[in-house]
Amino acid sequence: MLLSSPTIRAVAALSVTQLIGWGATFLLPAVTGLAMASELVMALPLVMAGPTVMLVVMAMVSWPLSSLFEHHGARPIMALGSPIGAMGLLVMGLAEGPLSYFLSWIILGLAGSSMLTTPAQIAVTEIAGDKARQALGVLILAGGLTSTIVWPLTGLLQAQLGWRTTTLLYAFLMLLVCTPLHWITLARRSRRASAVQEADELAPIDRPRFILLALSFAASGFVTWGFALTIIILLEATGLDHASALAAAAFIGIAQWAGRLIDFVGGRRYSGFIIGLASSALFPLSFMPLLLTSNFAGAVLFATLYGIASGISAVTRATLPLQIFPAAAYARASAQLAVPLNLSYAAAPPAFAAILTSAGPYTALLLALAISIFAFGTLLSLLLLHRRVKRKLRQN
């Protein structure tokens, strides 16, 4: 992949800011949650609801932000989002109870909608031009290592400094590292970009294709995020002991990274639709080993197929809109797609946890199977509709 120097700098900078951004916010309670619950005198489930609040706020803010991204570009919004994120972490680090704790997550939701995944992907498309798909693949590939790097680091810092100082340290990183990186490395709005944007604004986003894409992405996202926090519980409920469940679950992270790598390599040869349909078909197939067996080998096979599908779908969610909508409408489409995505991400973990505890693992698996089949069907319908639209345009 041959990318211009500004693109390389932007992707490298965004890889760092996304690692800090997600690691210091959504992923933080996975390590510090118990200490937070003890010191703030809150139940652990209430503490773990903080990231859900963040995702809901991100969903609420994403649609209004879509026009700002389209007219002003990602650079000023991301540069503003970083200090807002630092403010949210400051409030969290000084929190004394549930009120200030949840206030911090509301602020972090505002920051996340301004500086995390969707804005970063918009920033990449602005600077990478016709190499946007490859650049997005690199960014998402790097993002797959976030928990691998941040969780051990957070654990070490918490052991040495405590959760409050760790949180405040992340606030300083967000302010002093993320803010200047966003301002210095991202593309400034050019006259040429504005002219292209004005031309493309004459053709609005095609709503039937947008709805099908949103339904497919939200459904697959519901499945991937639904099991993100409950996968070990699920595997134990199917008959594995704790050690075996942990070992099998460890394959998911490796397979997810491999899936992102597969898309990065195969993206040069195959369209986003083909790769996206392949990953979407893997999801329902991945649940079959757990439905048909209750042994370690079946769990590993599930984890491998599920992880590969999750990894590829993460890239597809970023790159497929490039094939469907005009280039200058990517920012608007991505920001609007973030609404159903973040809502599904927020609802999935508590929903699957409730189903696991009340109805059992096989009901949860059957639900995931049905939703993943729906996601595949809507994506296939989108492909057929997209081809029909393209055919009509060529005929005209």
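Everything here concerns the structure above.
Throughout, a residue's number is its position along its own chain's written sequence, starting from 1. Given that this is a predicted model, residues contribute local features only at a pLDDT of at least 70 and side-chain atom pairs are listed and counted only at 80 or more, while totals for whole chains, interfaces and linings are drawn from all residues. Derived side-chain values reflect all non-hydrogen atoms in the structure, with water molecules and hydrogen atoms excluded from consideration.

A. Main features of the packing of aromatic side chains. Aromatic rings from Phe, Tyr and Trp, taking only the six-membered ring of Trp, are treated as a pair when their centres fall within 6.5 Å; an angle between ring planes under 30 degrees marks them as stacked, one over 60 as edge-to-face, and anything in between as tilted. Applying the stated rule across the entire model yields twelve aromatic pairs. Between Trp22 and Phe26, the aromatic rings sit 5.9 Å apart at their centres with planes inclined by 85°, giving edge-to-face as the arrangement. When the centroid spacing of 6.2 Å and the interplanar angle of 75° are considered together, the rings of Tyr101 and Trp105 count as edge-to-face. Of this pair, Tyr101 and Trp105 both sit in helix α6 (residues 98–115), separated by four residues, roughly a single helical turn. Overall, Tyr101 belongs to the buried group, its relative accessible area being 0%. Exposure is judged per residue with a 1.4 Å probe applied to protein chains only, and the accessible area is read against the type maximum: over 50% gives exposed, under 20% gives buried, and values in between give partly exposed. The exposure class assigned to Trp105 is buried, which follows from its relative accessible area of 0%. Only DSSP runs of H or I reaching four residues or more are called helices, and only runs of E reaching two or more are called strands; each is numbered from the N terminus.

B. Here's a closer look at the packing of helix α16 (residues 296–324) against helix α17 (residues 330–359). Interhelical geometry of α16 versus α17 gives an angle of 145° and a closest axis separation of 10 Å. Note that α16 runs across α17; the crossing there is right-handed. Here Arg317, Ala318, Pro321 and Leu322 of α16 lie close against α17, whose contacting residues are Tyr330, Leu337, Leu341 and Tyr345. Polarity classes work like this: nonpolar for Ala, Val, Leu, Ile, Met, Phe, Trp, Tyr, Cys and Pro, charged for Asp, Glu, Lys and Arg, and polar for all others, with Gly in that last group. Residues of the contact of α16 with α17, tallied by class, amount to seven nonpolar, no polar and one charged. Each axis is a line fitted through C-alpha atoms, and for a helix only the stretch in contact is used; angles between axes span 0 to 180 degrees, taken between their N-to-C directions. Crossing handedness is defined as follows: a turn of the near helix away from the far one that is anticlockwise and smaller than a right angle gives a left-handed crossing, while the clockwise case is right-handed. When checking whether two residues touch, look at their non-hydrogen atoms; a contact exists if any pair is within 4.5 Å.

C. Spotlight on the nonpolar core. In plain words, nonpolar cores are sets of buried Ala, Val, Leu, Ile, Met, Phe, Trp, Tyr and Cys residues tied together by side-chain atoms within 4.5 Å. Within the largest apolar cluster, 85 residues are counted, with the highest numbers of intra-cluster contacts made by Tyr101, Phe227, Leu235 and Phe287. At eleven residues, the largest contribution of residues to this core is made by helix α18 (residues 361–395). Sequence-distant contacts of Phe287, defined by excluding residues within four places in its chain, comprise Val223, Phe227, Phe302, Tyr306, Leu365, Ala368, Leu369 and Ser372. Judged by nonpolar contacts, the second largest core, of 26 residues, contains Ala120, Ile122, Ile127 and Ala132.

D. Highlighting the environment of Leu55. If you trace the backbone, Leu55 turns up in helix α4 (residues 50–72). Along the sequence, Leu55 and Ala338 sit 283 residues apart, while their C-alpha atoms lie 9.9 Å from each other.

E. Summary view of the pattern of salt bridges. When a carboxyl oxygen of Asp or Glu lies within 4 Å of a side-chain nitrogen of Lys or Arg, that pair is called a salt bridge. Following the criterion strictly, the structure yields three salt bridges and no others. Between Glu39 and Arg164 there is a salt bridge; the shortest N-O distance is 2.7 Å. Of this pair, Glu39 sits in helix α2 (residues 29–40) while Arg164 sits in helix α10 (residues 163–185), and the two are 125 residues apart along the sequence. On the basis of relative accessibility, which here comes to 43%, the residue Glu39 falls in the partly exposed class. The closest approach of N and O atoms between Arg209 and Asp206, which form a salt bridge, is 3.0 Å. When its relative accessible area of 25% is taken as the criterion, Asp206 is described as partly exposed.

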